[in-house]
Amino acid sequence: MPKVNFLPDNVTVEVEKGENLLRTAMQGEVHLSATCGGSGTCGKCRVVLEKGKLDSLDTELLTDEEKKKGYYLACLCKVVEDVQVRVPIETRRGERAVLDRLREAAAFGVMLTTEDIHALVDFKVDPLIKKVYVEVEEPTLDNNADDLSRLLVALKKDGYEELTVDYDALKDLADELREKDFKVTVSILTLDHNKTVTRIEAGDTTKNNLALAYDIGTTTLYAEVIDLDTGEILSFASDYNPQISFGEDVISRIVFSAKGDGLKKLKKAVIDDFNKLTKEALEKAGRKSEEISIISAAGNTTMAHLFLGISPKNIRKEPYIPTVTHWPAVKSSKIGLKAPDGSRTFVVPGRASYVGGDITAGILASGMYKTDKLTLYIDIGTNGEIALGNKDWLMAVSCSAGPAFEGGT
Ligand code: FES
């Protein structure tokens, strides 16, 4: 099988003869600009051949002079032998640029602190998953009720009744109870007036309760670690959205998602990157992934579909219908996120195909829905959205601004 060596990262990928060069780059996590999603029309996926030969379709998007210098469009090339290609600066994504900008912003004090946010929206820490410490009566020959029944009795004494218990929480119940003399911490999810036990841990872990906030931007991904015990924002990490290699805007990603295993690839790209960002942010905060109880993610309607691996294909066709706007809570591990089985991921609900959960989250966080004053909320991103209104009414519109506001050119 031929090998492709990508410079300047010196990443080598082995592929079947005839494989597309853009797909080969994606396989090696070499992220190239690809606004048109690989259909050969944007001219962004330029690479320079350093060694070997490529089998390429001709294109008018490169000048004769560029062709002489060895420029090719990666999406129009097949790999037929060992080659070395250089990814020029204009084709590369500056993965760390956003993070650096955020660090600068934090250093100059232009980012909101935890206190600023709490003051702005009269914020109370009231997580959907709470951790409750209980001491369960030990079994004897006279009191030989099963472990779960005795746990539920202990929880009832603390005021927690009518609980359902998730299968994943039950699996290790016997061991968790006995590890710390029948003292355990129980995670209880309250949703739509239903209470579910999602996790049982040995000992008192009530202080080890973390949430992650994910911003699923079309261009940028952002993750924050929040202590659910104090409400404090502990750390953050950010990166370019690697889905850019499949198309820079939502429309080209919807088109890509409808081809072959495109949807699977887009979901994997975003989930893998959030796992990486989470690890980085947890390390900065000195905390562990076992402490994660909740992940809350917000993004535009297409990004939310791709994050959960649900097809967004009808969003771009009249009458522009998304599959879902109000998302059910999902087990974080079920969608590939590296978090305990007992943790849940919530995707912020949107309103329509082009007014998504990112704007809902902004409206909630800004508190504009509670004020008498006429308020304008502006989200300047790859998809620009504005919302106007107050506590009596709200309206929102959106349009594509391209990646210019997020470091793209
Ligand atoms: S021309 Fe290759 S990705 Fe657009």
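Given the structure is predicted, the values throughout are model-derived calculations rather than measurements.

**With respect to the overall build of the chain**
Right, so step 1: If you tally the helices and strands in the chain, you get eleven helices and 20 strands.
Right, so step 2: The buried share among the 409 residues of the chain stands at 49%.
Right, so step 3: Of all intrachain contacts in the chain linking residues separated by at least 6 positions in sequence, the fraction that spans at least 24 positions is 60%.

**What about empty space enclosed by the protein?**
Right, so step 1: Applying the stated criterion to the full structure yields two cavities of 30 Å³ or more.
Right, so step 2: Considering the residues around the largest cavity, the lining is formed by Val250, Asn300, Thr301, Thr302, Ser353, Tyr354, Asn383, Glu385 and Ser398.
Right, so step 3: Mapped onto the lining of the largest cavity, the elements with two or more residues apiece are helix H10 (301-308) and strand S19 (383-389).
Right, so step 4: Its residues placed into classes, the lining of the largest cavity shows two nonpolar, six polar and one charged.
Right, so step 5: Looking at the second largest cavity, its volume works out to about 40 Å³.
Right, so step 6: Along the walls of the second largest cavity sit Gly299, Asn300, Thr301, Ala304, Val324, Thr325, Trp327, Val348, Pro349, Gly350, Gly356 and Gly357, which together make up its complete lining.
Right, so step 7: Taken together, the residues of the lining of the second largest cavity break down into five nonpolar, seven polar and no charged.

**Points about the packing of helix H9 (residues 262-285) against H10**
Right, so step 1: Two numbers describe how H9 lies on H10: the axes approach to 7 Å, and their chain directions differ by 90°. Looking at the two axes, H9 sits roughly perpendicular to H10. The residues of H10 that touch H9, namely those facing Leu263, Leu266, Lys267, Val270, Ile271 and Phe274, are Leu306, Phe307 and Leu308.
Right, so step 2: Considered class by class, the residues forming the contact of H9 with H10 number eight nonpolar, no polar and one charged.

**Here we look at the confidence of the model for the chain**
Right, so step 1: Overall, the prediction assigns the chain a mean pLDDT of 90, with 91% of residues at 70 or greater.
Right, so step 2: For the chain, helix H3 (residues 97-107) is the element with the lowest average pLDDT, namely 54, and strand S17 (residues 344-347) is the one with the highest, namely 98.

**Details of the sheet that holds S19**
Right, so step 1: Ordered by their spatial adjacency, three strands build an open sheet running S18-S19-S20, and the pairing between neighbours is antiparallel. In this open sheet, the two strands that pair with only one neighbour each are strand S18 (375-379) and strand S20 (394-400). The sheet shows a mean angle of 15° between the axes of neighbouring strands, direction not considered.
Right, so step 2: Pairing geometry for S18 and S19, over five bridges, is antiparallel. Among the inter-strand pairings, leucine 376 is bridged to a residue of S19, identified as leucine 388.
Right, so step 3: Contacts from helix H11 (residues 357-366) reach S18, S19 and S20 within the one sheet, and its direction differs from that of S19 by about 45°.

**Remarks on the nonpolar core**
Right, so step 1: Phe6, Leu21, Tyr214, Phe274 and Phe307 are the most contacted members of the largest nonpolar core, which has 60 residues in total.
Right, so step 2: Per-element tally for this core: the top contributor is H9, with nine residues.
Right, so step 3: Beyond its immediate chain neighbours, meaning those up to four positions away, phenylalanine 307 contacts Tyr214, Ile216, Lys267, Val270, Ile271, Phe274, Ala297, Ile335, Leu337, Thr345 and Val347.

Rules and cut-offs
- Residues numbered from 1 in each chain as written.
- Predicted model: local features only at pLDDT ≥ 70, side-chain atom pairs only at ≥ 80, totals over all residues.
- Heavy atoms only, no water.
- Helix = DSSP H or I, 4+ residues; strand = E, 2+ residues; numbered from the N terminus.
- Buried < 20%, exposed > 50% of the residue type's maximum accessible area, 1.4 Å probe, protein only.
- Contact = heavy atoms within 4.5 Å.
- 1 Å grid on protein atoms, 1.4 Å probe; cavity = no way out; pocket = protein on both sides within 12 Å on 5 of 7 lines; lining within 4 Å.
- Points joined across faces, edges and corners; volume = space filled by probe spheres on them.
- Nonpolar A, V, L, I, M, F, W, Y, C, P; charged D, E, K, R; others polar.
- Axes fitted to C-alpha atoms, helices over the stretch in contact; angles between N-to-C directions.
- Parallel < 35°, antiparallel > 145°, perpendicular 65-115°, else oblique.
- pLDDT = per-residue confidence, 0-100.
- Pairing = 2+ DSSP bridges.
- Core = buried A, V, L, I, M, F, W, Y, C linked by side-chain atoms within 4.5 Å.

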